[in-house]
There are 2 protein chains.
Amino acid sequence: MISNRRDFLKTTAASGAAGAMGLVSQRSSSTAGKSNELAAKLERLQAAPVLKTEFFQQPVKIASIELLKNGRHYLVRARSTDGAEGIAGAHDSVMATTFPIFLQRVAPFFIGKDARELESLVHGVYLKDSNYKWQGLPFWVCVASLEIAVLDLLGKVAHKPLGDLLGGVVRKEIAVYRASGNRGNSPEAEIDYLKKIVAETGANAIKFRLGARMRYDDASTRRDHSLIPLTRKTFGDKMTIYADANGSYDIPMSIKIGKIMEEYRLSFLEEPVPFDYYDETKQIADRLRIPIAGGEQESSLRRFRWMIENDGVQIVQPDLLYFGGLIRSVKVARMAAAAGMDCTAHMSGGGLGYLYIAHFASCVPNCGPHQEYKGDGDTTPVTCESSSLKSENGVMKIPSGPGLGINFDREFINKAGVVSL
Amino acid sequence: MISNRRDFLKTTAASGAAGAMGLVSQRSSSTAGKSNELAAKLERLQAAPVLKTEFFQQPVKIASIELLKNGRHYLVRARSTDGAEGIAGAHDSVMATTFPIFLQRVAPFFIGKDARELESLVHGVYLKDSNYKWQGLPFWVCVASLEIAVLDLLGKVAHKPLGDLLGGVVRKEIAVYRASGNRGNSPEAEIDYLKKIVAETGANAIKFRLGARMRYDDASTRRDHSLIPLTRKTFGDKMTIYADANGSYDIPMSIKIGKIMEEYRLSFLEEPVPFDYYDETKQIADRLRIPIAGGEQESSLRRFRWMIENDGVQIVQPDLLYFGGLIRSVKVARMAAAAGMDCTAHMSGGGLGYLYIAHFASCVPNCGPHQEYKGDGDTTPVTCESSSLKSENGVMKIPSGPGLGINFDREFINKAGVVSL
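No experiment lies behind these values; they were computed from the predicted model shown.

A. Focus on the overall build of chain A. Helix and strand counts for chain A come out as 14 helices and 15 strands. Taken against the 2.2 N^0.38 rule, which gives 22 Å for 421 residues, the C-alpha radius of gyration of chain A at 22 Å falls within 12% of a compact globule. On the principal axes, the C-alpha backbone points of chain A span a range of 70 × 50 × 35 Å. Sequence-distant contacts in chain A: of pairs separated by 6 or more residues, those separated by 24 or more amount to 73%.

In structure tokens:
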């Protein structure tokens, strides 16, 4: 699981310590050459377009973008002047607070534009009216929700699933993992919960939480020490086990817990220290064999490039909504691929996020072995002809119909109100 | 103006090239020792408290936090259970879009808490309900507007100006600079405008804009080439001249323009490349003698620490509102001081921002020679007994009364509505 590049660097450092100065210099300069080459490649990939537009003969002019609300659900509806329609579920709990940003700073920019230009429009709205100063979750969730509705619209026009628009479908189904959102319960209670979600989905991969979210204390550390061996003992050698510290640790505690995770063959340690502690995260990665995962809160393409170029993490995890949508996230995945890294999308909130994760994985060769699934908890009324949208024996079929490949219940949409200021 | 540390590093590098290997190693390890020492100092300063609480004998329990609106002006009013009151002007245009964040994610956390704990409350609200994922302008502007109202409340209770609460007043007046917000006009028109704002304020420092905001083109480059010498020629040797590229350039163009700025003795180049291009900014700084200024869009204390530790810029510019308030910004200033750097606060929007800048400078020894002033354009109806709030001969007196040291027009406050969802 450890990236070749990190192994290469570790080997170089070890030989250097035992070898003559000349050899060290030689190896260093060869490493530097390799890293300059990677840096140049990443810079090119950051600029290279993702969205395929050859499916469209004519403009797909955006006639309207509406934010709809039904109960606690927020939806974005995009319509073309030709009467085509795309609908996406937004991040409900975020949109409840950011709808003015959506209505004032994001949506108006897209009206009257050609949806085929979506990729440059996403960059355009970032530059428009100094929106770049708003870089971060509240802005990008609005952009992402709109982007997915427009991708659905484009897919419907082209009769192509999202994966084909974003580079080409490379897989029809995904192996899923289920993540527990618990902290503070007893190790035994957590094991019972993990058993339950494994039984529900048939998943052969799980993720549980470490630390106390952005801090740790004696109780959380006792729980960590107990849960790591207990998960392996309970689920056996065939289960893939991940753990997420949500920025709880400092460097020494990350090393201590990381070594226990290595002993019990866990597969990644997510966010050991606060997300904006890049140097510390890299220091931890350099001192552990277990891969470090991160990127959920990252809002900058350039900073993802830094993390990839510097092997600051070994698995990058853009959140498809927090990071501004699928196009930007596929870009991160392509940069990760150039460095031999996996890019496994992070899933925030509930709603249709599991479906966006599936479409992302459909066209990202290096999406990693398991994708997060929360579909069994979603209450958005949708149907799908090409997939049950359920995890069966740990595997979910990816919808293959046009766009998102789902149908929203018409009554649910018709009863939704249009959000305005 | 150039930081000693950068000079030191440059000298070291130059001697190293001419010297023997042994000497280089010796110097390098001495540089490394110095930089480890600085890193440890910065880490301590990031954690060290700023707010002085010894002025208060009793709790100052927060009874209410209200968001008020009168016309386009937003205000925050904080009241204690003892009937004391603090009022701050918010960032009007941002708050028009972020008020649900203020009302839902920020204000409720402070109710019933002891205002003397403001510093830990600001960190607490960042951790509360995963608000840290919202790191960025929309969240921090809400926190900052509330923080300043509570600082005003605390100052009124203690009969101390803000500067005393934030470490101690070190100056009573500030020399100001005026910044032009223009782009795209002719060099001659811009010179006329700069003359006008210099005449209005008597400022002996000005700032103008370069590039085309987050991009450049032939027209903007021609304007840049013309304006740099023209400003020096027009205003003479005694004028301090700054220029802000707002992320317009790439590395080669930054070097090209930076060298012209050096020739004409301009005093800093602000944000040559997009703000999240940290490595590029540092590379530019390393290759130019003119100091590089930046930090307006920075939302992370840890990233400011990186910029300071790595000499990524030579002047740090936290925006008092975008960055979450005065306490966090003073922390950045103290880290900058440890590295021998100036920390000149950035002023966003209009409103009372010029006043917050003045209070920040009142207690920050390394605030730099000139502070931005836009007071002549503000329409918030306030009076002040200890200052005209005007720039006279390029100098503004800092209000010395309790808290912000100003009085809001009562009718204006009474006529304001309370914003709710």
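B. Quick look at the domain arrangement of chain A. Residue and element names in this part refer to chain A. Splitting chain A by domain gives domain 1 (62–159 + 411–418) and domain 2 (165–408). Distance between the C-alpha centres of domain 1 and domain 2: 26 Å. With 28 residues of domain 1 at the contact, the number on the domain 2 side is 27 residues. When domain 1 packs against domain 2, the two sides together hide about 2300 Å² of surface, and 69% of this comes from carbon and sulfur. Among the residues domain 1 hides against domain 2, the three largest losses belong to His91, Trp140 and Ile148. Together they make up 22% of the total. On the surface where domain 1 and domain 2 come into contact, there are 1 salt bridge. The partner of Glu119 in a salt bridge is Lys331, and the shortest N-O contact between them spans 3.5 Å. Those elements giving two or more residues to the side of domain 1 that touches domain 2 turn out to be β2 (73–80), β3 (85–89), α4 (118–127), α5 (137–158) and α14 (410–414). Element by element, the count of residues in the side of domain 1 that touches domain 2 is highest for α5, at 13 residues. Tallied by class, the residues present in the side of domain 1 that touches domain 2 amount to 15 nonpolar, 8 polar and 5 charged.

C. Molecular detail of the environment of Gly71(A). Residue and element names in this part refer to chain A. Counting through the fold element by element, Gly71 comes out in the loop between β1 (62–70) and β2. In this structure Gly71 comes out as exposed when scored by relative accessible area, which is 52%. Taking the C-alpha atoms as reference, Gly71 lies 38 Å from Tyr277; in sequence the two are 206 residues apart.

D. The arrangement of the interface of chain B and chain A in detail. Taken together, the contact between chain B and chain A spans 37 residues of the former and 37 residues of the latter. Summing both sides of the interface, chain B and chain A together bury roughly 3300 Å²; the carbon and sulfur share of this comes to 55%. Across the contact surface, chain B and chain A share 6 salt bridges. With its nearest N and O atoms 3.4 Å apart, the salt bridge here joins Arg305(B) to Glu280(A). At the junction of chain B and chain A, the tally comes to 22 residue pairs in polar contact (both at pLDDT 80 or more). Those elements giving two or more residues to the side of chain B that touches chain A turn out to be α3 (92–106), α4 (118–127), α5 (137–158), α10 (278–287) and α11 (301–309) of chain B. Here the element with the most residues in the side of chain B that touches chain A is α3(B); it accounts for 9 residues. For the side of chain B that touches chain A, a count of residues per class yields 17 nonpolar, 10 polar and 10 charged.

E. Examining the state of the cysteines more closely. Summed over all chains, the structure comprises 0 disulfides over all chains. Free cysteine: Cys343(A), not disulfide-bonded; nearest cysteine sulfur from Cys367(A) at 8.7 Å. By relative accessible area, Cys343(A) is classed as buried at 0%. Cysteine Cys142(B) is unpaired, with the sulfur of Cys142(A) as its nearest cysteine sulfur at 14 Å. Its relative accessible area of 0% is what places Cys142(B) among the buried residues.

F. Fine view of the confidence of the model for chain A. Residue and element names in this part refer to chain A. A residue-level look at chain A finds 93% of positions with pLDDT of 70 or above and a mean pLDDT of 93. In this model, residues 1–5 is a region of pLDDT below 50 whose contacts with residues beyond four sequence positions or in other chains number 15 contacts. Residue range residues 7–28 is modelled with pLDDT below 50. Its contacts to residues more than four positions away, or to other chains, number 13 contacts. Both scores are available for the predicted complex, with the pTM at 0.93 and the ipTM at 0.93.

G. Spatial organisation of helix α10 (residues 278–287) of chain A. Listed in full, the buried residues belonging to α10(A) are Tyr278(A), Glu280(A), Thr281(A), Ile284(A) and Ala285(A). The arc enclosing the buried residues of α10(A), seen along the axis, measures out at 165 degrees, which places them on a common side.

H. Examining the packing of helix α11 (residues 301–309) of chain A against helix α12 (residues 326–338) of chain A more closely. All names here are of chain A. Running from amino to carboxyl end, α11 crosses α12 at an angle of 20 degrees, the nearest separation of the two axes being 10 Å. The angle between the axes of α11 and α12 places the two elements in the roughly parallel class. In this structure, α11 meets α12 at a crossing whose hand is right-handed. Here α11 contributes Leu301, Phe304, Arg305 and Ile308 to the contact with α12, which in turn contributes Arg328, Lys331, Val332, Met335 and Ala336. Class assignment of the residues belonging to the contact of α11 with α12 gives a composition of 6 nonpolar, no polar and 3 charged.

I. Examining the environment of Leu75(B) more closely. All names here are of chain B. With respect to the helices, strands and loops of the structure, Leu75 is situated in strand β2 (residues 73–80). Between the alpha carbons of Leu75 and Asp92 there is a distance of 8.3 Å; along the sequence they are 17 residues apart. When sequence neighbours within four positions are dropped, the list of residues in contact with Leu75 reads Glu66, Leu67, Leu68, Ile87, Ala88, Gly89, Ala90, Phe408, Phe412 and Ile413.

J. The arrangement of the side chain of Lys207(B) in detail. The topology assignment puts Lys207(B) in strand β5 (residues 205–209). Setting aside its immediate chain neighbours within four residues, Lys207(B) contacts Tyr177(B), Arg178(B), Ala179(B), Ser180(B), Leu194(B), Tyr242(B), Ala243(B), Asp244(B), Phe268(B), Glu270(B) and Glu372(B).

K. The arrangement of the relation of the copies chain B and chain A in detail. Of the transformation placing chain B onto chain A, the axial shift is 0.0 Å and the rotation is 180 degrees, giving an RMSD of 0.0 Å. On the angle and the small slide along the axis, the relation comes out as a two-fold axis. When C-alpha positions in chain B are compared against the rotation axis, the closest is assigned to Gly136(B), at 2.8 Å. Looking at chain B, 100% of its interface residues are interface residues in chain A too, so the copies touch through the same face.

L. Local environment of the sheet that holds strand β1 (residues 62–70) of chain B. Residues and elements named next belong to chain B. Within the open sheet, the 4 strands sit side by side as β3-β2-β1-β15. Their pairing is antiparallel. With one partner strand each, in any of the chains shown, β3 (85–89) and β15 (417–418) form the two edges of the open sheet. Alignment of β1 against β2, held across 8 bridges, turns out to be antiparallel. Bridge assignment links Asn70 to a residue of β2, and that residue is His73. On top of the sheet, α3 reaches β1 and β2; it is set at about 45 degrees to β2, its chief contact.

M. Structural context of the pairing of strand β6 (residues 240–244) of chain A. All names here are of chain A. With 5 of its 5 residues buried, β6 lies for the most part within the structure. Alternating residues of β6 divide into Thr240, Tyr242 and Asp244 and Ile241 and Ala243, and every residue in both groups is buried. Crossover connection from strand β5 (residues 205–209) via helix α8 (residues 218–235) to parallel β6: handedness right-handed. Crossover β6 to strand β7 (residues 268–270) through helix α9 (residues 251–263) is right-handed.

N. Looking closely at the pattern of salt bridges. In this structure the tally under the stated criterion is 47 salt bridges over all chains. Measuring nitrogen to oxygen at the nearest pair gives 2.8 Å for the salt bridge that ties Arg116(A) to Asp114(A). The class for Asp114(A) is buried, based on a relative accessible area of 16%. A salt bridge links Arg79(B) to Glu66(B), with the shortest nitrogen-to-oxygen separation between them at 3.9 Å. Here Arg79(B), found in strand β2, pairs with Glu66(B), found in strand β1; they are 13 residues apart in sequence, far enough to count as distant. On the accessibility criterion, Glu66(B) (18% relative accessible area) is buried.

O. Spatial organisation of the sheet that holds β2(A). Residue and element names in this part refer to chain A. With antiparallel pairing, 4 strands are arranged side by side in an open sheet as β3-β2-β1-β15. Whereas interior strands pair on both sides, the edge strands pair on one side only; in this sheet they are β3 and β15 (417–418). Most of the contacts of α5 go to β3, to which it runs at about 145 degrees, and overall it touches β1, β2 and β3.

Parameters at a glance
Residues numbered from 1 in each chain as written. Chains lettered and ligands numbered in written order. Predicted model: local features only at pLDDT ≥ 70, side-chain atom pairs only at ≥ 80, totals over all residues. Heavy atoms only, no water. Helix = DSSP H or I, 4+ residues; strand = E, 2+ residues; numbered from the N terminus. Rg over C-alpha atoms; globule rule 2.2 N^0.38 Å. Contact = heavy atoms within 4.5 Å. Domains from an automatic or database assignment. Buried area = accessible area lost by both parts, 1.4 Å probe. Salt bridge = Lys/Arg side-chain N within 4 Å of Asp/Glu carboxyl O. Nonpolar A, V, L, I, M, F, W, Y, C, P; charged D, E, K, R; others polar. Buried < 20%, exposed > 50% of the residue type's maximum accessible area, 1.4 Å probe, protein only. Polar contact = N/O pair within 3.5 Å; in protein donor to acceptor, adjacent residues only side chain to side chain. Disulfide = S-S within 2.5 Å. pLDDT = per-residue confidence, 0-100. Arc of directions from axis to C-beta. Axes fitted to C-alpha atoms, helices over the stretch in contact; angles between N-to-C directions. Parallel < 35°, antiparallel > 145°, perpendicular 65-115°, else oblique. Left-handed = near helix turned anticlockwise from the far one by under 90°. Least-squares fit on C-alpha atoms with pLDDT ≥ 70 in both. Pairing = 2+ DSSP bridges. Right-handed = clockwise from strand over helix to strand, strands pointing away.

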